[in-house]
Amino acid sequence: MPGGVARKTFGKRSVILALVAFTAGAIAIAILVAMPSDASQRVQNIATGYFMAVFLLAAPLAHITGAVFGVMALARSNDNRALGLLGIILNGLSVTAGLAILAAMASTIGAFT
């Protein structure tokens, strides 16, 4: 309906962004973990580049955007507040888990030199 009021969009977008970004990050980690040790240098570079692009750039931006959408869903009277709250929780947990993984990775940097 062209003149109708959009309903339940920000909460749904928040949850979708949380799930898509989490899935992309999980795939990036799985690729790095499952890569054989005798893989060519080109394959290792591509896998590392994908991991860096997704895990350090795309996923955090998607989670921050999803959290903002969740807050907007809570503020709008015609949006689904339950999905907005769920989106805020999922995006917050994913960002926290990502920071924990980064901290664990950073703590082992000196162990391999």
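For clarity, every value in this text was computed on a predicted model and none was experimentally measured. (Residues numbered from 1 in each chain as written. Predicted model: local features only at pLDDT ≥ 70, side-chain atom pairs only at ≥ 80, totals over all residues. Heavy atoms only, no water.)

For the chain, the count of helices and strands is three helices and zero strands. For the chain, the N- to C-terminal ordering of α and β elements is α-α-α. Across the 113 residues that make up the chain, the buried fraction comes to 24%. When contacts within the chain are restricted to residue pairs at least 6 apart in sequence, those whose partners lie at least 24 apart make up 72%. For the chain, the computed accessible surface area is about 7,300 Å², with 74% contributed by carbon and sulfur atoms. (Helix = DSSP H or I, 4+ residues; strand = E, 2+ residues; numbered from the N terminus. Buried < 20%, exposed > 50% of the residue type's maximum accessible area, 1.4 Å probe, protein only. Contact = heavy atoms within 4.5 Å. Areas by Shrake-Rupley, 256 points an atom, 1.4 Å probe, with all protein chains shown as cover.)

This part covers helix α1 (residues 10–34). Taking 1.5 Å of rise per residue, the 25 residues of α1 would be expected to cover 36 Å, and the 36 Å separating its terminal C-alpha atoms lies within 8% of that figure. The secondary structure elements touched by the buried residues of α1 are α2 (41–75) and α3 (81–107). (Expected span 1.5 Å × (residues − 1).)

Space inside the largest pocket adds up to approximately 290 Å³. Around the largest pocket, the lining comprises 17 residues; the ones closest to its centre are Phe 55, His 63, Ser 94, Ala 97 and Gly 98. Among the secondary structure elements, those contributing two or more residues to the lining of the largest pocket are α1, α2 and α3. If one sorts the elements of the lining of the largest pocket by residue count, α3 sits on top with seven residues. Per-class residue counts for the lining of the largest pocket are 13 nonpolar, four polar and no charged. (1 Å grid on protein atoms, 1.4 Å probe; cavity = no way out; pocket = protein on both sides within 12 Å on 5 of 7 lines; lining within 4 Å. Points joined across faces, edges and corners; volume = space filled by probe spheres on them. Nonpolar A, V, L, I, M, F, W, Y, C, P; charged D, E, K, R; others polar.)

The description of an aromatic ring pair rests on the distance of the ring centres and on the angle between the ring planes. In total, this model carries two aromatic pairs according to the counting rule given. Seen in terms of ring centroids, Phe 51 and Phe 55 are 4.9 Å apart; in terms of plane orientation they differ by 15°. Their pairing is stacked. On the criterion of helical spacing, the pair formed by Phe 51 and Phe 55 is a turn pair, its members being four residues apart in helix α2. The two residues Phe 51 and Phe 55 agree in class, both being buried. Across from the ring centre of Phe 69, 5.9 Å away, lies the NZ or CZ of Arg 13, which sits over that ring. (Phe/Tyr/Trp six-rings, centres within 6.5 Å; stacked < 30°, edge-to-face > 60°. Lys NZ or Arg CZ within 6 Å of the ring centre and 35° of its normal.)

Let us look at the environment of Ser 94. One can find Ser 94 in helix α3. Overall, Ser 94 belongs to the buried group, its relative accessible area being 15%. Filtering out sequence-adjacent residues up to four positions away, Ser 94 remains in contact with Phe 22 and His 63.

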